[in-house]
Amino acid sequence: MSRKVISGVLIGYGSVGRYHARQLHDRYGTLAIVDFGDDALARAGCDFPSATLARSLSELDAIGWPWATSMCVIATWGPSHAALFAELVRRGVRCILCEKPLAQSLKAGADMIKTADSLGIALGVNMHVRYSGFVSGLRELSDNLELGEPCNIFMHAGAVGLVTRGIHLIDMACELFGQGAE
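Now for a description of the structure that goes with this document. Within any chain, residue numbers begin from 1 and follow the written order of that chain's sequence. Predicted model: local features are reported for residues with pLDDT of at least 70 only, side-chain atom pairs are reported and counted for 80 or more only, and whole-chain, interface and lining totals are derived from all residues. With hydrogens and water set aside, each side-chain value is computed from the structure's full complement of heavy atoms.

**Brief notes about the overall build of the protein chain**
Okay, so step 1: Every helix listed is a DSSP run of H or I at least four residues long, and every strand listed is a run of E at least two residues long, numbered separately from the N terminus. Along the protein chain, the regular secondary structure elements total seven helices and six strands.
Okay, so step 2: Going from N to C terminus, the protein chain has its helices and strands arranged as β-α-β-α-β-α-β-α-β-α-β-α-α.
Okay, so step 3: Out of the 182 residues in the protein chain, the part that is buried amounts to 38%.
Okay, so step 4: Any two residues having at least one pair of non-hydrogen atoms within 4.5 Å are treated as being in contact. When contacts within the protein chain are restricted to residue pairs at least 6 apart in sequence, long-range pairs at least 24 apart make up 58% of them.
Okay, so step 5: Surface summary for the protein chain: the accessible area is close to 10300 Å², and the carbon and sulfur share equals 58%. Residue burial is assigned from relative accessible area. The probe radius is 1.4 Å, only protein chains are included, and a residue is buried under 20% of its type maximum, exposed over 50%, and partly exposed in between. Only the protein chains shown count as cover for residues, with accessible areas throughout obtained via the Shrake-Rupley method and a probe of 1.4 Å.

**A short note on the environment of leucine 138**
Okay, so step 1: Examined against the element boundaries, leucine 138 turns out to sit in helix α6 (residues 134-144).
Okay, so step 2: Taking the C-alpha atoms as reference points, leucine 138 and proline 150, 12 residues apart in sequence, are found 9.7 Å from one another.

**A few points about the packing of aromatic side chains**
Okay, so step 1: Paired rings are identified among Phe, Tyr and Trp, the last through its six-membered ring, by centres lying within 6.5 Å, and are further divided according to the angle between planes into stacked (under 30 degrees), edge-to-face (over 60) and tilted (the rest). One pass over the full model with this rule turns up one aromatic pair.
Okay, so step 2: For arginine 18, the ring lying beneath its charged end belongs to tyrosine 13, and the centroid distance is 6.0 Å. Cation placement over rings: the criterion is NZ of Lys or CZ of Arg within 6 Å of the ring centroid and within 35° of the ring normal.

**Thoughts on unusual backbone geometry**
Okay, so step 1: Across the junction of lysine 100 and proline 101, the peptide omega takes the value -20°, indicating a cis bond.
Okay, so step 2: Tracing the backbone shows proline 101 in the loop between β5 (95-99) and α5 (106-119).
Okay, so step 3: Positive phi, normally seen in glycine, also occurs at glutamate 146, with a value near 55°.
Okay, so step 4: Look at glutamate 146 and you get exposed, because its relative accessible area is 72%.

**So, the side chain of serine 142**
Okay, so step 1: Position of serine 142 relative to the elements: it lies in helix α6.
Okay, so step 2: Polar contacts, as counted here, are pairs of nitrogen or oxygen atoms within 3.5 Å of one another; within protein the pair requires one atom able to donate a hydrogen and one able to accept it, and residues that are adjacent in sequence qualify only if both atoms are side-chain atoms. Only 2.8 Å separates the side chain of serine 142 from the backbone oxygen of glycine 148, close enough to count as a polar contact.
Okay, so step 3: Here serine 142 is in contact with Leu147 and Gly148, once residues within four sequence places are set aside.

**What about the pairing of β5?**
Okay, so step 1: β5 sits mainly inside the fold: four of its five residues count as buried.
Okay, so step 2: We call two strands paired when DSSP finds no fewer than two bridges between them. Pairing analysis gives four bridges linking strand β4 (residues 70-74) to β5, with the strands arranged parallel. Considered in β5, the bridge of cysteine 72 is made with isoleucine 96.
Okay, so step 3: By definition, the crossover connecting two strands over a helix is right-handed if that path, from the first strand to the second, turns clockwise as seen with the strands pointing away from the viewer. Handedness of the β5-α5-strand β6 (residues 122-126) crossover: right-handed.

**Thoughts on the pattern of salt bridges**
Okay, so step 1: In what follows, salt bridge is the name for a side-chain nitrogen of Lys or Arg lying within 4 Å of a carboxyl oxygen of Asp or Glu. Evaluated as defined, the whole model comprises seven salt bridges.
Okay, so step 2: Between arginine 22 and aspartate 26 there is a salt bridge, with its nearest N and O atoms 3.4 Å apart. One end of the pair is arginine 22 and the other is aspartate 26, both in helix α1 (residues 15-28) and four residues apart, which spans about a single turn.
Okay, so step 3: A relative accessible area of 35% means that arginine 22 is categorised as partly exposed.
Okay, so step 4: Residue arginine 55 is joined to aspartate 38 by a salt bridge in which the shortest nitrogen-to-oxygen separation is 1.9 Å. On the criterion of sequence distance, the pair formed by arginine 55 in the loop between β3 (52-54) and α3 (57-62) and aspartate 38 in helix α2 (residues 38-47) is long-range, its members being 17 residues apart.
Okay, so step 5: When salt bridges with common partners are traced through the structure, they connect Asp61, Glu87, Arg90 and Arg91 into a single cluster.

**Considering helix α4 (residues 81-90)**
Okay, so step 1: Residues of α4 that are buried include every one of His81, Ala82, Leu84, Phe85, Leu88 and Val89, and no others. Down the axis of α4, the smallest arc covering the buried residues is 160°, so these residues share one side.
Okay, so step 2: Of the residues flanking the end of α4, it is glycine 92, one or two places downstream, whose phi is positive at about 90°. Arc, as used here, means the arc of the directions from the helix axis to the C-beta atoms.

Spelled out as structure tokens, the structure:
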């Protein structure tokens, strides 16, 4: 199935969202940024003066946003991902990148994947630590210094809970110890 994407929509203009906004803008030129916060929208307007700014997806509906030809990135807090995915699917979006975690529960994530499969939606999840080379670099350093295999890990995640920064650290630990990361 061919997908002709001509615009980008970013939901959530926080620290990670700003990175995605630049990528979407550089790739498609036409960009909408959705965030409910006054400060975030003001920052987005300064950073991307040509972007369409909105407080909700409904505001983009009101101006006739071309959902079917949009690449959408969900970069909000994890507990909102499944509901936002469902909203985008209802609007006909067929290309969605969801920041980690995919959803707040295994069931919600599995439902998202099932929906994406059944409707032919390209759905990706961004787990940047997994693909950063950090663990392979750590293993190489350990080998060079003859430290042996890792046997313990201590983590401090910042933010709040496992559905934010913590999920990256758990994924890293799984990769480091070779347990259940697939």
